[in-house]
Amino acid sequence: MGKHQRILSQLLHPFYAVNMLLSVMFFVTKTVPPICTTMYNTCHIDFHEYELLIFLGSFVALRSKRQFSIPDYLSHFCLFAKILSVYMFWKQNAVYAVGFGLLWLMQACFCQQPTYSGPDRVLYLRDTTFDQEVVHGDSRTTWLVAFYTAWSPACIKLQPIFAELSEEYGLDFLKFGKLDITRYPDIAKKYSIDTSGWSKQLPTLILFRKGKEITRRPAIVGVNKKSIQKFFFTWENIVNSFSLGELYMECKKSHPTPKPIEAETEEPAKDKIE
């Protein structure tokens, strides 16, 4: 299945349909009779509501300008549209706002955002396998490891990108791994990765060579190494920051994949005609 087909398949998930329905619910109830006449005694959107709608569009466009994935952009739009809907329902009637909030809560509990389930060449690491494979493993192997948490939206968004990168650049000596740092806090502490709810380091990608850290994103900068440099986890940014194209060619030239040996077939000897 191609990339565009996977995106289309992802957009057909009920999560996006339900979110779009919730996002436009206020405007539907405000403009479609007999719903609008029953709830508001009128069927038009006033000037202030138009202003809020324009503000929503502008805010989402600015807030999501670096979201190159259509599902991510749609998720951002739905989130802010639902927040705006709560406010507009509240202005009309507090009961409507509470009812909408309950619907939103039900959606969050029973119709969650789908996770990536496509092909990949990613090895999911434990603390022991991380130590054996990445830190003390084959010195010829370069590792790109994603340190993530299951609850972080940014980590969830990285899943398809990281999987596709592993498919594109993964080799026997250029490997991709993932490690859940909420399960292994000692590793998070060792590599100075903050796992709190307000962390700016989730996810963190680190490139290892011969067991040593070479590059990480987001980078830790400043005199005291306490400032986190913002990083946008797009395909292009990751490829450029870690020089994956160059690494791929280097690993491929240094350690070419051996060609399978084909069994030689001998032609049967022809009988001599005496």
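Residues numbered from 1 in each chain as written. Predicted model: local features only at pLDDT ≥ 70, side-chain atom pairs only at ≥ 80, totals over all residues. Heavy atoms only, no water.

### A few points about the state of the cysteines
Piece 1. Counting across every chain of the model gives one disulfide.
Piece 2. In this model Cys36 forms its disulfide with Cys43; the gap between the sulfur atoms is 1.7 Å. The sign of the S-S torsion, about 75°, decides the handedness of the disulfide formed by Cys36 and Cys43: right-handed.
Piece 3. Overall, the relative accessible area of 0% leaves Cys36 in the buried class. (Disulfide = S-S within 2.5 Å. Buried < 20%, exposed > 50% of the residue type's maximum accessible area, 1.4 Å probe, protein only.)

### A short note on the packing of helix 2 (residues 14-23) against helix 6 (residues 70-92)
The relative placement of two packed helices is expressed as an angle between their axes plus a distance between the axes.
Piece 1. At a closest axis distance of 8 Å, the pairing of helix 2 and helix 6 adopts a crossing angle of 35°. Judged by the twist between their axes, the crossing of helix 2 over helix 6 is left-handed. Residue-level contacts link Phe15, Tyr16, Asn19, Met20, Leu22 and Ser23 of helix 2 to Pro71, Leu74, Ser75, Phe77, Cys78, Ala81, Lys82 and Ser85 of helix 6.
Piece 2. When its residues are assigned to classes, the contact of helix 2 with helix 6 shows nine nonpolar, four polar and one charged. (Axes fitted to C-alpha atoms, helices over the stretch in contact; angles between N-to-C directions. Helix = DSSP H or I, 4+ residues; strand = E, 2+ residues; numbered from the N terminus. Left-handed = near helix turned anticlockwise from the far one by under 90°. Contact = heavy atoms within 4.5 Å. Nonpolar A, V, L, I, M, F, W, Y, C, P; charged D, E, K, R; others polar.)

### Some remarks on a nonpolar patch on the surface
Piece 1. Together, Val24, Val28, Val32 and Ile35 give the surface a local cluster of nonpolar side chains, amounting to about 250 Å² of exposed area.
Piece 2. Its place among the elements puts Val32 in the loop between helix 3 (25-31) and helix 4 (35-40). (Patch = residues over 30% accessible without salt bridge, like charges linked within 9 Å, V, L, I, M, F, W, Y side chains within 5 Å. Areas by Shrake-Rupley, 256 points an atom, 1.4 Å probe, with all protein chains shown as cover. Salt bridge = Lys/Arg side-chain N within 4 Å of Asp/Glu carboxyl O.)

### Some remarks on the environment of Val18
Piece 1. Turning to its location among the elements, Val18 is positioned in helix 2.
Piece 2. Spatially, the C-alpha atom of Val18 lies 9.7 Å from that of Cys78, the residues being 60 residues apart in sequence.
Piece 3. Dropping the residues within four chain positions of it, Val18 is found in contact with Gln107 and Cys111.

### A look at the packing of aromatic side chains
To describe a pair of aromatic rings, you give the distance between the ring centres and the angle between the ring planes.
Piece 1. Summed over the entire model, instances satisfying the criterion amount to 16 aromatic pairs.
Piece 2. With 5.9 Å between their ring centres and 70° between their planes, Phe130 and Phe147 make a pair best called edge-to-face. You can see Phe130 sitting in helix 8 (residues 127-135) and its partner Phe147 sitting in strand 2 (residues 142-148), a full 17 residues away along the chain. For the pair shown, Phe130 and Phe147 are each scored as buried.
Piece 3. These aromatic residues form a ring-pair network of at least three members: Phe26, Phe27, Tyr40, Phe89, Tyr96 and Phe100.
Piece 4. Of note, Lys30 hangs over the ring of Tyr40, and the distance from its end group to the ring centre comes to 5.5 Å.
Piece 5. The side chain of Lys178 reaches across the aromatic face of Tyr148, ending 4.7 Å from its centre. (Phe/Tyr/Trp six-rings, centres within 6.5 Å; stacked < 30°, edge-to-face > 60°. Lys NZ or Arg CZ within 6 Å of the ring centre and 35° of its normal.)

### Remarks on the pairing of strand 3 (residues 174-180)
Piece 1. Within strand 3, six of the seven residues are buried, which leaves it mostly tucked inside the rest of the structure.
Piece 2. Here strand 1 (residues 122-125) runs beside strand 3; their pairing, made up of four bridges, is parallel. Bridging across to strand 3, Leu123 finds its partner in Gly177.
Piece 3. Here strand 2 pairs with strand 3 via seven bridges, running parallel. Paired with Phe147 across the two strands is Leu179, which belongs to strand 3.
Piece 4. In this view, the connection linking strand 2 to its parallel neighbour strand 3 by way of helix 9 (residues 153-169) has right-handed handedness. (Pairing = 2+ DSSP bridges. Right-handed = clockwise from strand over helix to strand, strands pointing away.)

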